[in-house]
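The lines below spell out each chain.
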Amino acid sequence: MAKLPKLDNELYEAELLRLQSELVEMQEWLRTEGKRLVVVFEGRDAAGKGGAIKRITEYLSPRIAQVVALPAPTERQQSQWYFQRYIQHLPSAGQIKLFDRSWYNRAGVERVMGYCTTEQHRRFLRQCPIFERMLIEDGIMLRKYWFSVSDKMQEKRFKSRLTDPMRQWKLSPTDLESLTRWEDYSRAKDEMFVHTDIPEARWNVVESEDKKRARINMIAHLLSSIPYQKIERPELTLPERPPSTGYQRTDRGLQYEVPDVTNGLVKGKKKKKYVDPEEDLHADEG
């Protein structure tokens, strides 16, 4: 695949805002029509899934669009049917659920790191297409995205996170081990695709060497896959405030107020704005 030049930042911001306004329109259509949408985000560590989710939800209602990022299963959950703890997070009418990692953990990290048995893995590959067809048959719109990134770019992003205090929390021993198990993860992903890339719920691969391009491409594809229409909202007008009935505000001295630290800010002593170093990493850089 030919290397593409960096996406102009001004162009990126303008197109992202346009797409986000369309996401708001899609949200209103989903809410009005009582539709249910599940979007699954999977892919390599440091491939940009979290950043894409943040841009999608930035202007959406948290009551409608919710992110599902489950921790490791408890001992009790490990004794349940594997899909059981995910079912309770599926959307109700008018909701969007964005799965930041999903039931596909079993086909990826659990398989590679030995957190599940061979039989559990095989059972998952048999049951997953059945499970997803059941969701779709019940009316849930299911979209699955795989964020793909090269081994070199993944390593660059990991190195950046080692020294970036804003992103060090994103690194775990399991994440770092993905560097040494690159081919194991590749084989696991290929096997997963063979069994779960079904006509009813295809895997959509997002090339993520450039995070900005990946976000634009992924959001544009999601919007194109949903048959939403513009919903005309009723025109709202502000009512006139009624005259006072004599209410007196409680004396401020009886309340505990948050200290005003803004008075201590000194003009001219501005801290440099944080810039995500991963945003500008590019495939053709050393």
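Up top is the structure.
Throughout this description, residue numbers start from 1 for each chain and increase along the sequence as written. Totals for whole chains, interfaces and linings use all residues, but because this is a predicted model, local features are given only for residues with pLDDT of at least 70 and pairs of side-chain atoms are given and counted only at 80 or more. Heavy atoms from the whole structure form the basis of all side-chain values; hydrogens and water molecules are not counted.

Caption draft 1: The packing of aromatic side chains, seen in detail. Each pair of aromatic rings taken from Phe, Tyr and Trp, with Trp reduced to its six-membered ring, is defined by centres within 6.5 Å and is described as stacked if the planes are under 30 degrees apart, edge-to-face if over 60, and tilted in the remaining cases. For the coordinates displayed, the defined rule picks out 18 aromatic pairs. Ring plane angle 15° and centroid distance 5.7 Å describe the contact between Phe83 and Phe124, whose orientation is recorded as stacked. Remark: Phe124 occurs in helix H6 (residues 118–137) and Phe83 occurs in the loop between helix H3 (75–78) and helix H4 (84–87); sequence separation between them is 41 residues. Burial classification: accessible surface area is computed with a 1.4 Å probe over protein chains only, and a residue below 20% of its type maximum counts as buried, one above 50% as exposed, and the rest as partly exposed. Taking the relative accessible area as the measure of exposure, Phe124 reaches 2% and is therefore buried. With 6.3 Å between their ring centres and 90° between their planes, Trp146 and Trp203 make a pair best called edge-to-face. Within this pair, whereas Trp146 is found in strand S4 (residues 140–148), its partner Trp203 is found in strand S5 (residues 203–207), the two being separated by 57 residues in sequence. Runs of E in the DSSP output that reach at least two residues are strands. Runs of H or I that reach at least four are helices, and both are numbered from the N terminus.

Caption draft 2: Spotlight on the environment of Lys49. Mapped onto the fold, Lys49 is located in helix H2 (residues 49–57). Given a relative accessible area of 7%, Lys49 falls into the buried group. The contact rule is simple, with two residues in contact once any of their heavy atoms fall within 4.5 Å. Apart from the residues lying within four places of it in its own chain, the contact partners of Lys49 are Phe41, Glu42, Gly43, Arg44, Arg101 and Phe147.

Caption draft 3: Representation of the sheet that holds strand S1 (residues 36–43) in the model. DSSP-based pairing: two strands are paired if at least 2 bridges between them are found. The strand order across the open sheet built from five strands is S2-S3-S1-S4-S5, with neighbouring strands paired in parallel fashion. The open sheet is flanked by strand S2 (65–68) and S5, the only strands paired with a single partner. Taken over all neighbouring pairs, the strand axes of this sheet differ in orientation by 20° on average, direction set aside. Note: S1 against strand S3 (residues 95–100), six bridges, orientation parallel. By the bridge assignment for S3, Val38 is matched with Lys97. Each of S1, S4 and S5 touches helix H10 (residues 211–225); the most contacted strand, S4, lies at about 160° to it. Helix axes are fitted only over the stretch in contact, all axes being lines through C-alpha atoms; the angle between N-to-C directions runs from 0 to 180 degrees.

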